[in-house]
Amino acid sequence: MLATFLASTPLLQDSWRLCDFANSSAPGSYVMDCAGGIGYVAFSGVQTLIRTGPICRNLVPLDPDGERIFSALHCGSASSGAQEEGAEEPVMVHAGMLQLFMTTYGGLSFRNQMMTLMERSKPLVITGHSLGGALASLSTLWLLSYLQSISSSLSIICITFGSPLLGNHYLNQAVLRQRWGGKFCHVISKDDIVPRTLFAPMLPFIPQLRIILQSWHLCMISGNLSSFTVQLSDKDKAELFHYVNARVQEAASSNINVSPRSQYRPFGSYLFCSNDGAICVDNSAAVVQMLSLMFSKASPNSCIDDHLRYGDYVSRAYSSQFLNKRTLDVSEANYEASLKMALQSSGLNSSDSEAEKAKDCLKMAKQLGRTPSLNCANLAINLSKITRYRAQIEWYKTYCDESDDQMGYYDSFKQRRASKRELHVNKNRIKLAAFWDNVITMLDNNQLPCDFDKRAKWVNASQFYKLLVEPLEVAEYYRSCMHLRKGHYLKYGRERRFEIFDRWWRERSVGKEEKNGKRSKYAGLTQDTCFWARVEEAREWLDKARMETDKRKVITLLENIDYFEAYARELVERKEVSKDVLAKYSSYSIWMDEWKEYKSQVTIISPQPLSCEGRETVL
């Protein structure tokens, strides 16, 4: 409903008015204003990229040099360094535009003015035309990250006009995950070449683009659109148009998952304008399709001229006919009627083959928008169905903890016999693993809402599953001697789902009570789900220390054991272990007895300084 909202408020008109003012009066900069309690920041479209050439168009990680000013967008993505287990690909943006923003952000006056404007205004509108639109988007992403870090409820919306694409597929995913998609409205005219340019490698046309850009800038500064001319031959214009059109069509027909890291993709909502109306689309794949279909009907001249016509489109948006009949969101109740009118608003002739493609595209967008939510609802039903498997394993843990053999949960399962009880528990372990692996697969294939891993229901469910079942996974790994064939569990055997669930839990919102809470009794489930894997490694170190004759190797082994002993003692003191850890015949209790005996029988060599190389790190 974003299009209807904008058409029924002065936001679109006021935003363009300020953009037009910034273009003529503040080239290379920005202007701020406050009207009716609404704060406005408008970035001029007259901007010059600091770096030029092919490298300027490259995609680079969003936070340069570890600045972390876009921290909220990095939840779940890898840093610019090593790829973290369970992390997604990094959010990447246009190198030149990011550098341009960082230059603006680096000026203390910009940040001071922004803070002052936020104090004076309740809602804030950040806007920009052309390259100024990219700066507006980056500024909004920065502010949203900052406001989230201080838990501010200030409302922000970003409105751009003719902005180029900014980042890759993972930027769109990160924005959706934070539920910020509705805060970005990119107004795109039907024929404008700028929003389509980054689909194409522009090396053959850099001189022509520079001429066009200079002509646009001169016209923006003068404000006289009637005198706009470009010193390019008709042949050059035609070659440029057909080249970009071909690349846009390729992008529309390609699979978005082929190379999402290195491809530009849209994010937020797109308001496509034509002489007949406007249509709003918020699905990234559908936006690419519409960019292609509408541009295919452009001409070499209109694709250049249309970049300066946003004032005409905005003025038309506030005519009564446009407001009442032509500003469409493709999600209204009477879908078929709105779909038919949407095609008229896009400027595509209903008899054209492109109109039928556009209709299919809009239907696809609606279906894609609905499918993740339906999948999530179905998963919730399936989650309730597997609760009995989890409950049976919980019952088994209680049985083990209270058993007379005093071995505890982990060791009872590891040393289990072929009883029906243990067989049933093992089957339930496998069924639960299959369910959660399917969840991860659906996430990888974009079949679930992008904020799925932020929803408390799923974060808590995955954490409880991990706490309850991963000790059994460790037990099965060592019972079947996989450590002898592959290596120890922590490095070679841990399933990817557990790495992902670690990240979900680590990045959840934590209340003050949880942060400051202290346990008065032992945890129901050991909070370090890899604790038993660490015990198994410590057992091997002790066995090796007994047999090793090389003193330096013995020192290394003893250092590793000391680290683990201190870590385990701290867990026990904080009561973050289940009582099965302290069972009389648990692996941990037996190891502690053996370690104490070893220390009493030998002279412990004082650790000597060692380089970090060659020493294993336990934790």
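Residues numbered from 1 in each chain as written. Predicted model: local features only at pLDDT ≥ 70, side-chain atom pairs only at ≥ 80, totals over all residues. Heavy atoms only, no water.

Named according to an unreviewed UniProt entry, the protein is Fungal lipase-like domain originating from Dillenia turbinata.

A. Expanded view of the pairing of strand 1 (residues 30-35). Summarising the sheet, strand 1 and strand 2 (residues 38-43) pair through six bridges and their orientation is antiparallel. In the sheet register, Asp33 faces strand 2, and the bridge partner there is Tyr40. (Pairing = 2+ DSSP bridges. Helix = DSSP H or I, 4+ residues; strand = E, 2+ residues; numbered from the N terminus.)

B. How the structure looks around the environment of Ile500. Looking at the secondary structure, you find Ile500 in helix 22 (residues 496-506). Judged by its relative accessible area of 3%, Ile500 is buried. Between the C-alpha atoms of Ile500 and Asp453, which are 47 residues apart in sequence, the distance is 9.4 Å. (Buried < 20%, exposed > 50% of the residue type's maximum accessible area, 1.4 Å probe, protein only.)

C. Representation of the packing of helix 18 (residues 420-444) against helix 19 (residues 456-479) within the structure. Running from N to C, helix 18 and helix 19 point in directions that differ by 135 degrees, and their axes come no closer than 11 Å. On the basis of the axis angle, helix 18 is oblique to helix 19. Both helix 18 and helix 19 take part in a crossing whose hand is left-handed. Taking contact as the criterion, the partners of Val425, Asn426, Arg429, Leu432, Ala433, Phe435 and Trp436 in helix 18 are, on helix 19, Trp458, Ala461, Ser462, Tyr465, Val469, Leu472, Glu473 and Glu476. Looking at the contact of helix 18 with helix 19, its residues break down into ten nonpolar, two polar and three charged. (Axes fitted to C-alpha atoms, helices over the stretch in contact; angles between N-to-C directions. Parallel < 35°, antiparallel > 145°, perpendicular 65-115°, else oblique. Left-handed = near helix turned anticlockwise from the far one by under 90°. Contact = heavy atoms within 4.5 Å. Nonpolar A, V, L, I, M, F, W, Y, C, P; charged D, E, K, R; others polar.)

D. Geometry of the nonpolar core. Counting 86 residues, the largest nonpolar core has Phe70 and Phe272 as the members making the most contacts within it. When residues in this core are grouped by element, the largest group, ten residues, is from helix 5 (residues 131-149). Those residues in contact with Phe70, other than ones at most four positions away along the chain, are Leu62, Asp63, Leu98, Phe101, Leu138, Leu141, Trp142 and Ser145. Leu379, Leu468, Leu525 and Phe531 belong to the second largest nonpolar core, which has 64 residues in total. (Core = buried A, V, L, I, M, F, W, Y, C linked by side-chain atoms within 4.5 Å.)

E. Looking closely at the packing of aromatic side chains. In the structure shown here, the tally under the stated rule is 37 aromatic pairs. Note on Tyr30 and Phe110: the rings are 5.3 Å apart at their centroids and 75 degrees apart in plane angle, and the pair reads as edge-to-face. You can see Tyr30 sitting in strand 1 and its partner Phe110 sitting in helix 4 (residues 108-120), a full 80 residues away along the chain. A relative accessible area of 16% means that Tyr30 is categorised as buried. Look at Phe43 and Phe110: their rings are 6.2 Å apart centre to centre, the planes differ by 55 degrees, and that puts the pair in the tilted class. (Phe/Tyr/Trp six-rings, centres within 6.5 Å; stacked < 30°, edge-to-face > 60°.)

F. Representation of the side chain of Arg497 in the model. One can find Arg497 in helix 22. Classification of Arg497 by relative accessible area gives buried; the value is 4%.

G. Structural detail: the packing of helix 19 against helix 22. Contact geometry of helix 19 with helix 22 gives a least axis separation of 9 Å together with a crossing angle of 135 degrees. One element, helix 19, and the other, helix 22, form an angle in the oblique class. Viewed along their axes, helix 19 and helix 22 form a crossing whose handedness is left-handed. Taken together, the residues of helix 22 that come into contact with helix 19 (itself represented by Trp458, Val459, Asn460, Ser462, Gln463, Tyr465, Lys466, Glu470 and Glu473) are Arg497, Phe498, Phe501, Asp502, Trp504 and Trp505. For the contact of helix 19 with helix 22, a count of residues per class yields seven nonpolar, three polar and five charged.

H. Layout of the pattern of salt bridges. Here the structure, examined in full by the defined rule, presents 31 salt bridges. Between Glu422 and Arg421 there is a salt bridge, and its shortest N-O distance comes to 4.0 Å. What makes Glu422 buried here is its relative accessible area of 8%. Residue classification places Arg421 among the partly exposed positions, given a relative accessible area of 30%. The shortest N-O distance in the salt bridge between Glu576 and Arg574 comes to 3.0 Å. For Arg574, a relative accessible area of 35% translates into the label partly exposed. Counted as one network, the salt bridges with shared partners bring together Lys466, Glu470, Arg494, Glu499 and Asp502. (Salt bridge = Lys/Arg side-chain N within 4 Å of Asp/Glu carboxyl O.)

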